[in-house]
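Structure assessment
Chain residues, written in single-letter form:
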Amino acid sequence: MRRKAATPPSPLPQRHGVDPVRVRLPAAGTWGTVREHLVERLSGAGAGVVDGMFDAGRIVGADGRPVAADAPFVPGMFVWFHRDLPDEVPVPFPVEVVHRDEHIVVADKPHFLATTPRGSHVAETALARLRRELDLPALTAAHRLDRLTAGLVLFTVRPEERGAYQTLFRDRRVRKEYEAVAPYDPALALPRTVRSRIVKERGVLTAREVPGEPNAVSRVELVEHRDRPGRLARYRLSPATGQTHQLRVHMSALGVPILGDPLYPEVTAAVPAGDFRRPLQLLARCLEFTDPVTGEEHRFRSGRVPAAWASYDRWAAGTYDRPSDGQ
């Protein structure tokens, strides 16, 4: 069996905690030059942008030297470049480090901050921030948490150990517990385990439940409830699977959608960039697992208090938007 060729290390350093883009040219194709392939591959950027990058020497090969626009297309060749960072509104809440050792970093992510670079969120992400703040350029995320969800995220310090920690999540050997604030329904019998089949189509904002074999399992428990202000409850949510938006879909299906959810049960108008009021009241509260490298038993808990539970009036009025306020 032919062994897969090793990927060469990046010749470019990170910028603002963000890795350069790596492109491997296809094994076969009709392109005559590297430029022709990149213009087609990066068609969304426009030919002028690609040509400008070549002219500025921003597209480099494995040796770190600029690749000429007329360089011949070589199947399997690697090139690197730094993307132009989008204009991002800074998320005004800190990423708290709950635990750090030579193998892992466990961070308590605020609402509104993406876990890893994606789409229009690049430098304003938990990963990029932690790389900069902790001076750990090799830091990587072992899993992801939705941008609107706050709470615990596990990062790995050593790239060669990342797979071992990712396997924990893949094999469901991490116990995850979430906390949500949602309406209280005395007629809703809890605790219960919700099982359904959830699908999420590319390009569609929401996931949906469909008939078929369940692929999403969530345990829902009532922690406490109160009638004023607002008829609200705190719920403990324990997902046994990890489908996109699983907990949000299941809570909405039970008739108690999570407060501040812009997608379930109905999609609401997008808020302007920089509007950090009324965060989604979903918190990744607890992570428990056996460390695959050290064998140590870990149990981490977020110290955050959901804003709507701490002060529903202020959350509802949209004044709960300062770094110290439940973020």
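One structure accompanies this document, and this report is about it. Everything numeric here is computed off the predicted structure, so don't read it as measured data.

What follows deals with the overall build of the chain. Scanning the chain for helices and strands turns up 7 helices and 13 strands. Along the first, second and third principal axes, the C-alpha set of the chain runs to 70 × 45 × 45 Å. The 327 residues of the chain split such that 45% are buried. Within the chain, residue pairs in contact and separated by at least 24 positions form 63% of the contacts whose partners lie at least 6 positions apart. Summed over all atoms, the accessible surface of the chain reaches about 16900 Å², with 49% contributed by carbon and sulfur.

Another aspect to go through is the nonpolar core. Within the largest apolar cluster, 38 residues are counted, with the highest numbers of intra-cluster contacts made by Leu139, Phe155, Tyr235, Leu237, Met251 and Leu282. Breaking this core down by element, the ones donating at least two residues are strand 4 (104-109), helix 3 (126-134), strand 6 (150-156), strand 7 (175-183), strand 11 (232-239), helix 5 (246-253) and strand 12 (282-290). Apart from residues no more than four positions distant in its own chain, methionine 251 is found in contact with Ala182, Val220, Tyr235, Leu237, Val256, Pro257 and Ile258. Counting 14 residues, the second-largest nonpolar core is a separate cluster that includes Val34, Val50, Val67 and Phe81.

In contact at an axis separation of 9 Å, helix 1 (residues 34-41) and helix 2 (residues 47-55) are set at 140 degrees when each is read in the N-to-C sense. Comparing the axis directions of helix 1 and helix 2 gives the class oblique. Considering only the axes of helix 1 and helix 2, their crossing is right-handed. For the pair helix 1 and helix 2, contact is made by Val34, Arg35, Leu38 and Val39 and by Ala47, Val50, Asp51 and Phe54, respectively. For the contact of helix 1 with helix 2, the residue count by class is 6 nonpolar, no polar and 2 charged.

Attention now moves to the pattern of salt bridges. When their charged atoms lie close together, side chains carrying opposite charge are able to pair. Per the stated rule, a full pass over the model turns up 23 salt bridges. In this structure, the salt-bridge partner of glutamate 179 is arginine 285, at a minimum N-O distance of 2.8 Å. Pair noted here: glutamate 179 is in strand 7 and arginine 285 is in strand 12, with a separation of 106 residues, a long-range link. With respect to burial, glutamate 179 and arginine 285 carry one shared label: buried. Residue aspartate 227 pairs with arginine 231 through a salt bridge whose shortest N-O separation is 3.6 Å. For aspartate 227, a relative accessible area of 49% puts it in the partly exposed group.

Turning our attention to helix 2. What helix 2 keeps buried is the set Val50, Met53 and Phe54. In an axial view of helix 2, the angular spread of the buried residues amounts to 100 degrees, which keeps them on one side of the axis. Across helix 2 from its buried face, at more than 90 degrees, point the exposed residues Gly48 and Asp55. Looking at the buried positions of helix 2, the neighbouring elements they touch are helix 1 and strand 2 (78-81). Positioned one or two residues after helix 2, glycine 57 has a phi angle of 70 degrees, which is positive.

Moving on, we come to a positive patch on the surface. A grouping of Arg118, Arg144, Lys200 and Arg202 is seen on the molecular surface, where their side chains present a positively charged patch. For lysine 200, the location among the structural elements is in the loop between strand 8 (192-199) and strand 9 (208-210). Accessibility expressed as a relative area gives 37% for lysine 200, which makes it partly exposed.

Procedures and definitions
- Residues numbered from 1 in each chain as written.
- Predicted model: local features only at pLDDT ≥ 70, side-chain atom pairs only at ≥ 80, totals over all residues.
- Heavy atoms only, no water.
- Helix = DSSP H or I, 4+ residues; strand = E, 2+ residues; numbered from the N terminus.
- Buried < 20%, exposed > 50% of the residue type's maximum accessible area, 1.4 Å probe, protein only.
- Contact = heavy atoms within 4.5 Å.
- Areas by Shrake-Rupley, 256 points an atom, 1.4 Å probe, with all protein chains shown as cover.
- Core = buried A, V, L, I, M, F, W, Y, C linked by side-chain atoms within 4.5 Å.
- Axes fitted to C-alpha atoms, helices over the stretch in contact; angles between N-to-C directions.
- Parallel < 35°, antiparallel > 145°, perpendicular 65-115°, else oblique.
- Left-handed = near helix turned anticlockwise from the far one by under 90°.
- Nonpolar A, V, L, I, M, F, W, Y, C, P; charged D, E, K, R; others polar.
- Salt bridge = Lys/Arg side-chain N within 4 Å of Asp/Glu carboxyl O.
- Arc of directions from axis to C-beta.
- Patch = residues over 30% accessible without salt bridge, like charges linked within 9 Å, V, L, I, M, F, W, Y side chains within 5 Å.
- Lys, Arg positive; Asp, Glu negative; His and termini not counted.
- Charge placed at Lys NZ, Arg CZ, Asp CG, Glu CD.

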